[in-house]
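Here's the letter readout for the chains.
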Amino acid sequence: MSAEFGGRSGRQGRLSQWLRGRRTQQAADEGGREALLLAAAEAGLPLAPAAHPAGYRCSCDRVGCPTPARHPVSFAWQTQSTTDRAQIERWARHQPQANFITATGMVHDVLDVPLDAGREALTRLLDAGIEVGPVAESDDGRMLFFTLTRGTPEDEDEWWPCELDCHPETMDEHPGLRWHCRGSYVLVPPARLPGDDGRSVHWVRGPEHALPDPLSLLEMLTDSCARHAGGHSDQAGTAWPLRR
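What comes next concerns the included structure. (Residues numbered from 1 in each chain as written. Predicted model: local features only at pLDDT ≥ 70, side-chain atom pairs only at ≥ 80, totals over all residues. Heavy atoms only, no water.)

Interhelical geometry of helix α2 (residues 33-42) versus helix α4 (residues 85-94) gives an angle of 150 degrees and a closest axis separation of 10 Å. One finds that α2 runs roughly antiparallel with respect to α4. The interaxial crossing formed by α2 with α4 has right-handed handedness. The segment α2 lies against α4, with Arg33, Glu34, Leu37, Leu38, Ala41 and Glu42 engaging Arg85, Ile88, Glu89, Ala92 and Arg93. Residue classes in the contact of α2 with α4 are distributed as five nonpolar, no polar and six charged. (Axes fitted to C-alpha atoms, helices over the stretch in contact; angles between N-to-C directions. Helix = DSSP H or I, 4+ residues; strand = E, 2+ residues; numbered from the N terminus. Parallel < 35°, antiparallel > 145°, perpendicular 65-115°, else oblique. Left-handed = near helix turned anticlockwise from the far one by under 90°. Contact = heavy atoms within 4.5 Å. Nonpolar A, V, L, I, M, F, W, Y, C, P; charged D, E, K, R; others polar.)

A few words on the nonpolar core. The biggest cluster of nonpolar side chains holds 29 residues, and the ones touching the most others in it are Leu47 and Phe146. Broken down by secondary-structure element, the contributors of at least two residues to this core are α2, β1 (47-50), α4, β4 (99-103), β7 (142-148), β10 (185-188) and β12 (200-205). If sequence neighbours within four positions are ignored, Phe146 has contacts with Leu45, Thr102, His108, Asp109, Val110, Gly133, Pro134, Ala136, Val186, Trp203, Leu211 and Pro212. (Core = buried A, V, L, I, M, F, W, Y, C linked by side-chain atoms within 4.5 Å. Buried < 20%, exposed > 50% of the residue type's maximum accessible area, 1.4 Å probe, protein only.)

With that settled, consider the pairing of strand β6 (residues 135-138). The alternating pattern of β6 places Val135 and Glu137 on one face and Ala136 and Ser138 on the opposite face, and all of these are buried. Two strands pair when backbone bridges link them, and β6 and β7 are joined in this way by four bridges, in the antiparallel orientation. Considered in β7, the bridge of Ser138 is made with Arg142. A loop of three residues connects β6 with β7, the two strands running antiparallel in sequence, and Gly141 in this loop sits at a positive phi of about 100 degrees. Strand direction decides the pairing type here: β6 and β12, joined by four bridges, are antiparallel. In the sheet register, Ser138 faces β12, and the bridge partner there is Val201. (Pairing = 2+ DSSP bridges.)

Here we take up helix α6 (residues 215-228). Residues three or four positions apart in an α-helix share a direction because the helix packs 3.6 residues into each turn. Over its 14 residues, α6 extends 20 Å from the first C-alpha to the last, a length consistent with the 20 Å expected when each residue adds 1.5 Å. Residues of α6 that are buried: Leu217, Leu218, Met220, Leu221, Thr222, Asp223, Ser224, Cys225 and Ala226. The secondary structure elements touched by the buried residues of α6 are β5 (108-114), α5 (115-127), β7 and β9 (178-180). (Expected span 1.5 Å × (residues − 1).)

Of the consecutive residues Pro189 and Pro190, the connecting peptide bond is found in the cis state with omega at -5 degrees. Tracing the backbone shows Pro190 in the loop between β10 and β11 (191-192). Positive phi is not limited to glycine here, since Ala69 has a value of about 65 degrees. By the element assignment, Ala69 lies in the loop between β3 (57-58) and α3 (77-80).

Following the criterion strictly, the structure yields zero disulfides and no others. Unpaired in this structure, Cys65 has its nearest cysteine sulfur neighbour in Cys60, at a distance of 3.9 Å. On the accessibility criterion, Cys65 (14% relative accessible area) is buried. (Disulfide = S-S within 2.5 Å.)

The final tally for this structure, using the stated rule, is three aromatic pairs. An angle of 80 degrees between the planes, with centres 4.9 Å apart, marks the rings of Trp77 and Tyr185 as edge-to-face. Separated by 108 residues along the polypeptide, Trp77 in helix α3 and Tyr185 in strand β10 bring together distant segments of the chain. Here Trp77 falls in the buried class, since its relative accessible area comes to 10%. (Phe/Tyr/Trp six-rings, centres within 6.5 Å; stacked < 30°, edge-to-face > 60°.)

Next up, the structure:
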């Protein structure tokens, strides 16, 4: 009897914790979205409105949208992106369902890796005492490491592209590590993904963390990606052409 009671009590305790967690999450969803977006903007991440889920589909009018709820709503997103608090407040309040993207290559870049590789790399980086900046997880299987940008020099000859550079139209060409820099973007938390299972993009480490140099993370990220792609460790030492 006591064992049965203890088991029931344990289940009740776990249920209570789950309900408290749900209430906390609901409160964050209801009141925390704007605060999180403003925190990202205050950290220097330029934002612009994006599409949002409509069930399993995208809120845009495009039939068979290839990136549902993951793309900007305006073709002028690069010039529209801003850190202006008043503008972001207007967008957030007038478009309560909208996701937001952050344009990369202005202030920050994003190193985007498969989730398992990213989790392994994050643990290794922190254990090694390497400074890690903001990190987000996307429930579609990716982890996003926010870093300083490689820059946009006035002299274009001083900027070398990297073979990891990723743009929205080349996402499928980069199943491993993607380097979002000039001309690209990522969803910024909090963002919702299509489906009825509550999938989202959410912070693991928030935007209060300083942006690190991307090269300080690159070796461990490429090593973890190589190991999770089948153990091709020779990829970890590959040198890519970077900005001089």
